[in-house]
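Observations on the model geometry
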Amino acid sequence: MTRPSKDEIHYLLLKLHSLTGIVPIGAFLVIHLSINSLRTVGVLPYQLSIDALNNLPFLLAIEIGFIYIPLLFHSLMGFYVIHIGQTNLLRYRHQRNWLYTMQRFTGAITFVFLIYHMGTTVGAKLWEGKHYFEAAPFLMDILNGEFQTWQGIVIYTIGIVSATFHFSNGLWGFCVSWGILIGKNAQRNGAIVFAAVGLGLTFLGLATVLEFYLNPIPVEATVIG
Amino acid sequence: MTDKKISFKIKRQDKPGSPSYWQNFQVPFKPFANIISCLMEIQKNPTTQAGKTVNPVTWDCNCLEEVCGSCTMVINGKVRQACTALVDNLEQPIALEPMSKFPVVRDLQVNRSRMFENLKKVKAWIEIDGSHDIGEGATMPDSDRAKRYVMSECMTCGCCLEACPQFTLNNSFMGAATFNQVRLFNLHPTGSMNKEERLDAVMGEGGITDCGNAQVCVEVCPKNIPLTESIADIGRQTSWQLIKNLLIK
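Keep in mind the model is a prediction, meaning the values are calculated, not measured.

From N to C terminus, chain A includes seven helices and zero strands. Put simply, chain A runs from its N terminus to its C terminus through helices and strands in the order α-α-α-α-α-α-α. Expressed as lengths along the three principal axes of its C-alpha atoms, the size of chain A is roughly 55 × 45 × 30 Å. The burial tally for chain A puts 28% of its 225 residues in the buried class. Long-range pairs, those at least 24 residues apart, make up 80% of the contacts in chain A with a sequence separation of at least 6.

Structure below.
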């Protein structure tokens, strides 16, 4: 096997950057927001879903392999992508150019938000060693507290909107870069569909925030039997 | 109104690498004047608005009918051809600048050889008989002919690159014009014999993955070439090529 050239590595890394944004990171975002929105149905289904996730075998390995490493890779490549471009939005005020700039901006915002979000939730959980059925009451306690401050609500609202925008606009970018949406009509129709996906996800996320704000209910660890 | 004037604000530079500076000029008003005719007036009487006689402003132009692309410059902040920029439609003072993404030679002249180098890299031509006869060309469907005609109108003017946020003086991005040529020649029945070589040339640093889909290129293209369609199509062709390289070769 010949060693790949610098150009081949460059191409592969950027393709992988595009792909990791959809799978696994985008897929994770959809699952994450969907499962969390169970909170709007009731505390019990929400707690049971957290219990299920926290009792998965090899949880840490799954998280590292399918979330943390791809996320770190996508973020670092993202900062490289920001670095090679130079926005000219003030001169050429076209819609796509605006979305181009926003894609980079929301990517950076989401990165900062995730440092905060992971620090207060999964980071704290690992630090305190709250595993299995102990995780849900611990995490829900933290979230109940966060959403009782206006700062918490503002941080989560900005974080969720940035992430859903970045994902839905990124879906469009992925489809164009990989040559799935080619023609002008296809690209426009795709943009409409993905905008709807983005709005739906934003609604799920913000509804969950609202529910936490309105009903901060503490829970005990689930006991089986 | 014999004393009506047209005012200009021109960004000047004496030689490559030297600092740029602005000078104001006024030329007598003429109806239907374009930027080139005004620059010719300035050349006849190179006196600034302040009354100082200076070296005449230099610029490039050739066909004067928006076909050659050589008079491309930034007019009132937007990149376009000077020949089809009619003074009557422009706000004054009219600001003229050289393109910012290419090295300035002098005043409004820039060196666009980077585009030519990229055309060579992607083999933007069709191989014909060499030492051996490669036979008669295949028939092209008329739908492909029609698609290729629009793409073939590219005059390498550089508007798409000047307006592209991913194309800068210091990076190696090839840009929309080059990707459009790859599609143009890959779509030709004889040209497609070198399809993989062309794709390989855009699958590296500065290649197709460096496109950020800001799509300003298609907005500023004076020939209305569907550049974003070409970019997405090359995205598809290179993605297949990647899969082939990884799994088949």
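All right, on to unusual backbone geometry then. Note that the residue after A:V23, namely A:P24, is joined by a cis bond; omega there is 5°. Along the chain, A:P24 falls in helix 1 (residues 6-36). At A:Y132, a position not held by glycine, the phi torsion is positive, near 50°. Position of A:Y132 relative to the elements: it lies in the loop between helix 4 (95-128) and helix 5 (135-146). Here the phi dihedral of B:K123 falls at roughly 50°; this positive angle occurs in a residue that is not glycine. When you line up the elements, B:K123 lands in the loop between helix 2 (113-121) and helix 3 (142-152). Exposure remark for B:K123: the 17 C-beta atoms within 10 Å place this residue in the partly exposed category.

Turning to the environment of B:N76, a few remarks are in order. Residue and element names in this part refer to chain B. Tracing the backbone through its elements, the reader meets N76 in the loop between strand 3 (72-75) and strand 4 (78-81). As a C-alpha pair, N76 and P93 span 17 residues in sequence and 8.7 Å in three-dimensional space. In contact with N76, other than residues within four places in its own chain, are L90, E91, I94 and A95.

The next point concerns the nonpolar core. If you look at the biggest cluster of nonpolar residues, it comprises 90 residues, and the most contacted ones within it are B:C160, B:A163, B:C164, B:V202 and B:C217. Element by element, the count of residues in this core is highest for helix 6 (residues 150-177) of chain A, at nine residues. If you count residues domain by domain, this core takes at least three from each of domain 1 (5-110) and domain 2 (113-247) of chain B.

This next bit is on the interface of chain B and chain A. Opposite the 28 residues of chain B that make contact, chain A presents 28 residues. Those elements giving two or more residues to the side of chain B that touches chain A turn out to be helix 7 (216-220) and helix 8 (227-247) of chain B. The element that contributes the greatest number of residues to the side of chain B that touches chain A is helix 8 of chain B, accounting for nine residues.

Here we take up the sheet that holds strand 1 (residues 5-13) of chain B. All names here are of chain B. Strands sit in the order 2-1-5-3-4 across an open sheet of five strands; the sheet is mixed. Both edges of this open sheet fall to strand 2 (20-28) and strand 4, since each of them pairs with a single strand only. Put simply, the sheet's adjacent strands are angled 30° from each other on average, direction ignored. Here strand 3 pairs with strand 4 via four bridges, running antiparallel. Counterpart to T72 in the pairing with strand 4 is Q81.

What follows deals with the domain arrangement of chain B. Residue and element names in this part refer to chain B. Each assigned domain of chain B is listed here: domain 1 (5-110) and domain 2 (113-247). The C-alpha-based centres of domain 1 and domain 2 are spaced at 31 Å. At the interface, 12 residues of domain 1 touch 14 residues of domain 2. The dominant element in the side of domain 1 that touches domain 2, judged by the number of residues it contributes, is strand 4, at three residues. Its residues placed into classes, the side of domain 1 that touches domain 2 shows five nonpolar, four polar and three charged.

To continue, consider the pairing of strand 5 (residues 94-97) of chain B. Residue and element names in this part refer to chain B. Note that strand 1 and strand 5 share three bridges and pair parallel. Bridge pairing in strand 5 places F8 opposite I94. In the sheet, strand 3 pairs with strand 5 via two bridges, with the strands oriented antiparallel. In the sheet register, V74 faces strand 5, and the bridge partner there is E97.

Analysis parameters
- Residues numbered from 1 in each chain as written.
- Chains lettered and ligands numbered in written order.
- Predicted model: local features only at pLDDT ≥ 70, side-chain atom pairs only at ≥ 80, totals over all residues.
- Helix = DSSP H or I, 4+ residues; strand = E, 2+ residues; numbered from the N terminus.
- Buried ≥ 20, exposed ≤ 12 C-beta atoms within 10 Å, placed from the backbone.
- Contact = placed C-beta atoms within 7 Å.
- Core = buried A, V, L, I, M, F, W, Y, C linked by C-beta atoms within 7 Å.
- Domains from an automatic or database assignment.
- Pairing = 2+ DSSP bridges.
- Axes fitted to C-alpha atoms, helices over the stretch in contact; angles between N-to-C directions.
- Nonpolar A, V, L, I, M, F, W, Y, C, P; charged D, E, K, R; others polar.

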